[in-house]
Structure formats: structure tokens, C-alpha cells
Amino acid sequence: MKAIRTFTVRPVLAESLAPLNRLASNWRWSWSRATHALFASMDPDLWERIGGNPSRMLGALGQDRLDELARNDEFVARVGAEDERLNAYLGGDRWFQQLEGAKPTGIAYFSPEFGVDGSLPQYSGGLGILAGDHLKSASDLGVPLTGVGLFYRAGYFRQSIGDDGWQRESYPLLDPYGLGLTLLRDSAGSPVEITLDLPGDRQLHARVWVADIGRIPLLLLDSETPANSEEMRRVTDRLYGGGGEHRLLQELLLGVGGVRAVRAFCEVTGRAKPDVYHTNEGHAGFQGLERMSELITQDHLGFDAALAQVRASTVFTTHTPVPAGIDRFPRDLIADFLASNLFAGLDPGRALALGLEDYDGGDSGVFNMAVLGLHLGQHANGVSVLHGEVSRGMFGALWPGVDTDEVPITSITNGVHAPTWVHPSIKGLSERAFGDAHSAAHDWTDRAAISDGELWGVRSQMKSELVAEARRRVGAAARSHGSGVAPAWIEDLLDPDVLTIGFARRVPTYKRLTLMLRDPERLTRLLTDPERPVQIVIGGKSHPADDSGKILIQQLVRFSRDPKVRGRIVFLPDYDITLAKSLYPGCDVWLNNPLRPLEACGTSGMKAALNGVLNLSILDGWWDEWFDGENGWAIPTADTASSDEERDDAEATSLYDLIEHQLVPKFYEREGGIPLAWLGMVRHTMTELGKKATSDRMVQEYVTRLYVPAAEHDAALRADGFAGARELSAFVTRVKESWRDVRIDSVDSSGIPAQAQAGDVLEVSAGVRLDGLSPEDVAVELAYGRTDEDDDLARDHALYRLTPVGETVDGVTRFTGILPLTVTGSFGYTVRVVPTHPQLVSPVELGLITYAS
Ligand SMILES: *Cc1c(COP(=O)(O)O)cnc(C)c1O
């Protein structure tokens, strides 16, 4: 008989064990080695069986065992010590508190998924895990951030693989209480309920769960509440479950409901209202419309002033260079919602226009969440240098006339939370050698601090753990189908002494799960080489609706079951954070072979690198930026191939060649049993990527480059009853109206001798028609630098601002300047006019720019 609902009945803890409740309900346990170990030690087998979660553990242990532990002085002392460590962690000043200058009072960080721990499956892949790591580093650094997301009752699915190799999905229901979340209650003790008015007199209600991620509250909205109709209860049933209206309702709840949840949370707790809003990908875009509606109804701003205020305080991060990865809704569906009471005071037509693909190459029947994100976020970024470049090209049509390089989307490269992703054995080694578990300053190349034998010993031990874990998982999966007994070959599955390549990811086509199968005979030879074999460990989930991904998984699973290679290549089902944590450290090499440039950043390779794993990857995402020739290998990209087939063939051949001619010899060349050259690369990787690949570095960049400017802009526009917002919006309206007639009448230069040479000066004077605008409204700029054979200015050209001189005569204002010629070679320049205002982040963000012709 199957229960339709399950919940956890908590035991009563003796006073000496009371801190366990607090320790269990702060997710810091998931990255604190000692707290984690404390809970696991209460009953190691049970810990494994219940999926490693302290709140579940307390519910599952039974009163007898708890009473026994309460009488165990050593255990009680450990509980006390961990409680003190948690207190110390939650109090005191951190990096953020020590920052000088203006700072945000709070940042609300919206994401459709959060990957905090394997026992809280509210993520499908990289985007969510990045969001989880963002919260954890914000906590470590003392950044006053509040996470905002949804609570999906069934989370993302669990994967098993049938005898036919086909992916099966199951959706175990989650019990939020039993996981360590608390319900947000008002001062009278009643659950806070958020309500959205929908078209057709429907209402969507939600309660709010709070997960404490160290210092960071994560608010998760849950539509499973008695106030809702059956239909509305299903809104937060699954992560990315449905399409169309289901998905839209999720995004409205996240954006609109999320802002309301933040308001309620600040009211109940007395926390300062956030001044910066960060949306991780476009799904939470409606938060901006909700905030505009607040400004219009409560602060009596007009549409344009409200837009200016919201833009100033919003950071938008785009994550996908794949157009299919962006949420797009039919225009009419959104128009219905905008015409309802949901967004009080907001002009429905103008709000709709903020998300329409009303540009060259767009479809104006489509409401695009990335377009909405870019219109509502004055501070926008991609997630690696290459992805920033790709995004500027991809969204450039929103700024017609603006050079792609100047499209106002910057980049901040992703990072990973080291305390979460570094294996306990490496942490132990690091504490022994350097005195602390994590620091960007650790020099792993220092052989006096860590000997070759010690480092190789830890690497080998982590591999043995992976081998044992793989056998356990494959054995359990085999026992759960068919005869109930695991076949004997599983006992020889994988070998801790063999060069081990790991490859695991979600399975969209661009990630090319099966590239390694391009030449099955060659792969088989590599796997079965009698002297120097290779073994491969694979994982990955396909989106439940994506059969093409499931076919790829099936191909791999079938190949791996061939007795010829069985034992040397294995597919581990149910790739999630828990599997990832043993998979990455246990490999020698981490493989990634996406179609360049479709991987925005990628983070699994960084997690592997922090554990001393070398990367073998296409030069895409973060690897394009940080591959340095000594931290792994780059698979050459076959850009000139004439077809996808040819490209896959060429890149697969390069992959096999690298493995055979570079990886294998280096790995198997030993001195005293240790591959010294290989280990040199490991040391270099851990040192160099340890400095860059962390989410501490990433969050610090978000704070200094985006959050602080956003808070400053927000304050400037908000001051004096939003005088700045009104003034900026009036400016924008004025320049937009006049811009059509702004023209550069003439450009004169003098002072260039027939033979210009370095050190000469160029005097430039431009006559500009401003049509009612004043010289202070514009910047007239000289763009100059080297030119190519088509007379195009080089991408690294410079800008020099000309100054207005004299009176305006017949509508023409003169701007002049003197430029020393410092570059040699073929040189060119042009003159352009852009609007200028202290509260613009980029001179071209309004898409207004006029060049001399
Ligand atoms: C890190 C991680 C990802 C994302 O890795 P990519 O390199 O971006 O593909 C996906 N799933 C899990 C479980 C992870 O830990």
C-alpha cells in the first residue's frame, strides 16, 4: 500500500543534544566537514540509507539511540563544540563588512533552481548548483543576500536505467519539514500566505519555506496550501515539469510572488529591504514588473520613472548561448495576464513591449524572458569571457547601430564553492600542510609542504573510493531489477590503478554525450589495451521530455554492457550532487566536449580541478579562458568543417589522439610508482585554478562590479522622493524624441602633415546639430585606432571626448579636441554622438548613437 502523504515526526531531544536541531536546520552542515561527520557518526548505515540529511536523521534514529547518545559524554561534547562553531560562523565581520565605501543594504537573488545539497533536489543541473554555490559564498563572505526560489514538491526526477538502457524517471515527494526547512510565519504565528490575482477570477496562493544557508535565508514559495484549488496546487509540483501556462505560472510565482515574499520576510524579521535585485537567468523577470507596480501604486511614480528606478537596481545574468534555452511565451498569453489585476497600475501595452522580440530577426508575436531581463536590468552579464562575447552578438539586435563589442553586457566567470566541492581528504591534506582547508593562496607546487608520495596517496585513495562507490551503485541497480542478485563481473568493475576519465552532465545535444563513441573500435582499443588501459565513468540525466537525449544515454549504456569493454566503461545512474561529490575527486581526467561556443561556462571541470583532476576539454566556456597548457589538454575545435558530421569526426579523432599520445604515456610513466610529470600538472592545476575557480572570487566580482554600482544608482535615483528617477526618465524621453534629428554636419581635422609620424597631434573639430538638446546632453566622441584593409577600426580602438566650444550658430555646435598620435601604422578615426547622463551605465544603453558619415 502506498501512502499518499508522508511526514516526519521529530523526537524529543534531551537538553544536552538540543543544539542538534539548530545544527540540522542550518545547511552549513553540508559544507562543514565536522558537522557533517557528527551527524553521520550517529548511525553511519542509516545516514547512507536516508540520503545523508541531518533532519531526516533526527527523525529516523529512534528515541533509544538518541537517549544513548545523550549519555555519551564525548558525543555531547562534540555537539557543544559544533554548536559553538556554528555560532562563531554566523556572527562577526567578514569580507563584505570590511569593504570600504557605499554598499548595498541587501541583495535579493532570484533563481528558478537552487542546488544546495543532494538531499534537497531543487535543481536540474549547472544553473541551480551555481545558485547554491552563490548563496554559500555570499554566506562565507558576509554578503547580505536573500535567495528567492520555488519549492518543488517532487523536485527534479531521480533516474534509473532499464534493462533496455532507457532512462526511467521517478518523482519521490519531499517533506519540507523533514528536510530542515521552516515555514515563514507572521508575528501572530500564522503561516504567511502570498496571493496572486490571475485572469478569470482565479487566485494563486503560496506559502514560504525558509532554508538557512549559513547566514543566507533562502525563501522557497510552495503552492501546496489548502487555500489553493487543485489546479493551483500543481503549480510548484515539479521543476521544469510542464510547458505553456504551467511554466508561466511558475515564473509569475517566482517573480511576483518572490518580491512579495521578500517584503513579508523583511517585515517579519526586521531585516533591511534589499536595494539590489539579481535575476539568475530570465525566469524571474517578472520581479521587475512587480517592483514597477509597487513604485507606481505606492510611490506614485510614472511608468518611465518606475522603469528607470527598477533598471538601476537590477542585475540580470544570462546563462545560455542556445536560443532554445530561453523561455519564450506567446504574446497573447502574456497580454492576458498583464490586462488582469496582477500588476496594479502598470500600463499593459507598455509592459508587454518590454519583452517582445520587436527587433530585426525577432518574432514580435513572442514574449521573450531574456529580452524582458535585458530591458529591466541595467547591469547585465554573461558567465565567462567567451560567453559575454557570444551574448553581445546574440542580443545585439536590441541595440541597433551599436557595435557588437559595445553591447552593454559584461561577463563574470562562474566559480564553485570550494568547501562544498573539495573532498575531505584534500581538505585534511591542506589543513596539515597549509594550516587551513581553503585559501586561494595555497601553493600546491611546494614539494616541501606536500611530498609527491603524500599527494599521490590521497589521489589514489579518492580513486579507490570512486571504484567502490561505482561497484556499490551498479550492484544496487542490478539487484533492483531482474533476479535480485548482482552479476559477478561487478566485483571487478573498474580498477583503481587505471587511468580514469570522468564525463557527466545533463544531456542536451550540444554537450555531445556520445562523441567518444564516434569510432567504437578505436575506443575499445583504448579501453582494453593490455599494458596501459583507460577507463571511463559516465553519468547524466536527460530532460524527461527529451527522447533524443534518452537515445544517447541508451547508446552509451548499450556500448558499456558489451562484455568486451564491460568493467572499463560504466554509466552511473542518477547523476546529482551526491554522485558528483565522489565522482569528480575520483577521476584522473575530466572530459568535456561541447559544441563550441554553446557551453556558456561549465563548472564541473572546476570542481574536478580543485581536487587535483586534469581537464581535457574543448576550448569553450571557462576552459577557453583559463587553459594554460599545463593544467590539462585542449581538444582542437574543427571550426572549418563543412558539416556537423565532419566536425564530430575531426574532434573525436583529436580526442582519441590526445588520450593515446599524451594522456596515456604521461600517466603511466612512473618513478618509484609515482607519475611525476603528471603530478606536476596536478600541483599546477590545484594552485592556479585554486586562485580563480572559486565562487568566492565570483561573488566578490558580483559585489564590486555589479551590486555596488546598482546600489549606488538605486540610491541616486531614489533620493529626494525619487527626483533622480523622474529626472532620468525625463532625460531619456527627451533624447529619444530628439535623436532622429541629431546629425554630425562636418568633421574637420588639421595639423596632420602629409607624412604623419608618432608624436604628431591631430586636431579635430566637429559641427553637430543637436536639435533642441543641449551640449551637456551628449558626448561627442572621437573613436580612433588601427584600421584593417576594409577601413574598419580595430576592436581595441579608443575613445576620446571632444569639448563644446563657442556659441551654437545656425543650429550647429562645435566640438573640438587635440589627440596625440601614439599608435603607428594604419590609423583611422571617426566621430560619433551618444547621449550622456551620470546614471547611464553604458553610453550606448539607450541604443541611440549617431556616426559621422
Ligand atoms: C557541477 C554540476 C553540474 C554542472 O556541470 P557542467 O560542467 O556545467 O555541465 C551538473 N550537475 C551536477 C550534479 C553538478 O554537480
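Computed from a prediction, not measured in an experiment: that's the story for all the values here.

## A short note on the UniProt feature "domain: DUF3417" (unreviewed entry) in the protein
In this structure's numbering, the residues bearing the UniProt feature "domain: DUF3417" (unreviewed entry) are residues 13-120. Across residues 13-120, the secondary structure splits into 55% helix and 6% strand, with the terminal C-alpha atoms separated by 24 Å.

## Thoughts on the environment of Asp-360
Residue position: Asp-360 is located in the loop between α15 (348-353) and β14 (366-368). It is 42 Å that separates the C-alpha atoms of Asp-360 and Ala-580, two residues lying 220 residues apart in sequence.

## Overview of the pattern of salt bridges
Under the definition given, this model contains 47 salt bridges. When the shortest N-O distance is used, the salt bridge between Arg-158 and Asp-574 registers 2.7 Å. Taken as a pair, Arg-158 in strand β5 (residues 158-161) and Asp-574 in the loop between β19 (569-571) and α23 (577-583) lie far apart in primary sequence, 416 residues in all. Arg-158 sits in the partly exposed class, given a relative accessible area of 46%.

## Brief notes about the site of the ligand
By nearness alone, 15 residues border the ligand, and Ile-129, Lys-511, Tyr-584, Ser-604 and Lys-607 come closest of all. A distance of 3.2 Å is found between an oxygen atom of the ligand and a backbone nitrogen or oxygen belonging to Thr-603. In isolation the ligand exposes 390 Å². Once the protein is present, 94% of that is buried. Contributions of two or more residues to the shell around the ligand are made by α8 (126-141), α23 and α24 (604-609).

## Describing the state of the cysteines
Tallying each qualifying case throughout the model produces zero disulfides. The thiol of Cys-601 is unpaired, and the distance to the nearest cysteine sulfur, on Cys-587, comes to 19 Å. The class of Cys-601 is buried, set by a relative accessible area of 2%.

## Considering the pairing of strand β4 (residues 145-150)
Here β4 lies mainly inside the structure; six of its six residues are buried. Residues Leu-145, Gly-147 and Gly-149 of β4 are buried on one face, and the alternating residues Thr-146, Val-148 and Leu-150, pointing to the opposite face, are buried as well. Pairing analysis gives four bridges linking strand β1 (residues 107-110) to β4, with the strands arranged parallel. Directly across from Ala-108, in β4, lies its bridge partner Thr-146. Here β4 runs beside strand β10 (residues 216-222); their pairing, made up of four bridges, is parallel. Within β10, the residue paired with Gly-149 across the bridge is Leu-220.

## Focus: the sheet that holds strand β22 (residues 632-635)
Taken together, six strands build an open sheet; the order of strands is β19-β18-β17-β20-β21-β22 and the sheet is parallel. This sheet does not close on itself; its edge strands, each paired only once, are β19 and β22. In this sheet, neighbouring strand axes are inclined to one another by 15° on average, regardless of whether the strands run parallel or antiparallel. As judged from the four bridges shared by strand β20 (residues 589-592) and strand β21 (residues 614-618), these two strands associate in the parallel manner. What sits directly across from Trp-590, in β21, is Asn-615. Across the face of the sheet, helix α26 (residues 644-668) comes into contact with β17 (499-504), β18 (534-539), β20, β21 and β22 while running at roughly 165° to β22. Along the sheet, helix α27 (residues 676-692) makes contact with β17, β20, β21 and β22, crossing β21 at roughly 80°.

## Structural notes on the domain arrangement of the protein
Annotation of the protein at the domain level lists domain 1 (15-90), domain 2 (101-159 + 166-411), domain 3 (447-691) and domain 4 (742-851). The centre of domain 2, based on its C-alpha atoms, is set 34 Å off from the matching centre of domain 3. Summed over both sides, the interface of domain 2 with domain 3 buries roughly 2,300 Å², with 59% coming from carbon and sulfur. Looking at the side of domain 2 facing domain 3, the largest losses of area belong to Gln-159, Trp-166 and Leu-386, adding up to 31% of the total buried there. Summed over the shared surface of domain 2 and domain 3, the result is two salt bridges. Our enumeration of links across domain 2 and domain 3 arrives at nine residue pairs in polar contact (both at pLDDT 80 or more). Elements with a contribution of two residues or more to the side of domain 2 that touches domain 3: α8, β5, β6 (167-170) and α17 (385-394). Per element, the largest residue contribution to the side of domain 2 that touches domain 3 is four residues, and it comes from α17.

## Looking at the side chain of Ser-391
When you line up the elements, Ser-391 lands in helix α17. At 2.8 Å, the side chain of Ser-391 forms a polar contact with the backbone oxygen of His-387. For Ser-391, the residues in contact, after removing those within four places along its chain, are Thr-318, Gly-396 and Ile-409.

## Describing the packing of α8 against helix α28 (residues 695-738)
Contact geometry of α8 with α28 gives a least axis separation of 9 Å together with a crossing angle of 80°. Considered as vectors, α8 and α28 are oriented roughly perpendicular to each other. Of the residues in α28, those touching α8 at Leu-130, Asp-133, His-134, Ser-137, Ala-138, Asp-140 and Leu-141 are Ser-695, Asp-696, Met-698, Val-699, Gln-700, Tyr-702 and Tyr-707. Looking at the contact of α8 with α28 residue by residue, the class counts come to seven nonpolar, four polar and three charged.

## Here's the deal with unusual backbone geometry
For the bond from Arg-596 to Pro-597, the omega torsion is 0°, close enough to zero to count as cis. Relative to the helices and strands, Pro-597 resides in the loop between β20 and α24. Despite not being glycine, Leu-494 shows a phi value in the positive range, around 60°. The topology assignment puts Leu-494 in the loop between α20 (452-480) and β17. A positive phi angle, near 65°, is found at Phe-722, a position not held by glycine. Following the sequence through the fold, Phe-722 ends up in helix α28. Owing to a relative accessible area of 9%, Phe-722 belongs among the buried residues under this scheme.

## Details of the nonpolar core
Counting 155 residues, the largest nonpolar core has Leu-20, Met-42, Met-516, Leu-616 and Trp-678 as its most contacted members. With residues up to four places along the chain from it excluded, the contact list for Met-42 reads Leu-20, Met-57, Leu-58, Leu-61, Arg-65, Leu-66, Leu-69 and Phe-75. Val-192, Ile-194, Val-210 and Leu-289 belong to the second largest nonpolar core, which has 95 residues in total.

Scoring rules and cut-offs
- Residues numbered from 1 in each chain as written.
- Predicted model: local features only at pLDDT ≥ 70, side-chain atom pairs only at ≥ 80, totals over all residues.
- Heavy atoms only, no water.
- UniProt positions renumbered as here; feature names shortened; annotations may be inferred.
- Helix = DSSP H or I, 4+ residues; strand = E, 2+ residues; numbered from the N terminus.
- Salt bridge = Lys/Arg side-chain N within 4 Å of Asp/Glu carboxyl O.
- Buried < 20%, exposed > 50% of the residue type's maximum accessible area, 1.4 Å probe, protein only.
- Near = heavy atom within 4 Å.
- Polar contact = N/O pair within 3.5 Å; in protein donor to acceptor, adjacent residues only side chain to side chain.
- Areas by Shrake-Rupley, 256 points an atom, 1.4 Å probe, with all protein chains shown as cover.
- Disulfide = S-S within 2.5 Å.
- Pairing = 2+ DSSP bridges.
- Axes fitted to C-alpha atoms, helices over the stretch in contact; angles between N-to-C directions.
- Contact = heavy atoms within 4.5 Å.
- Domains from an automatic or database assignment.
- Buried area = accessible area lost by both parts, 1.4 Å probe.
- Parallel < 35°, antiparallel > 145°, perpendicular 65-115°, else oblique.
- Nonpolar A, V, L, I, M, F, W, Y, C, P; charged D, E, K, R; others polar.
- Core = buried A, V, L, I, M, F, W, Y, C linked by side-chain atoms within 4.5 Å.

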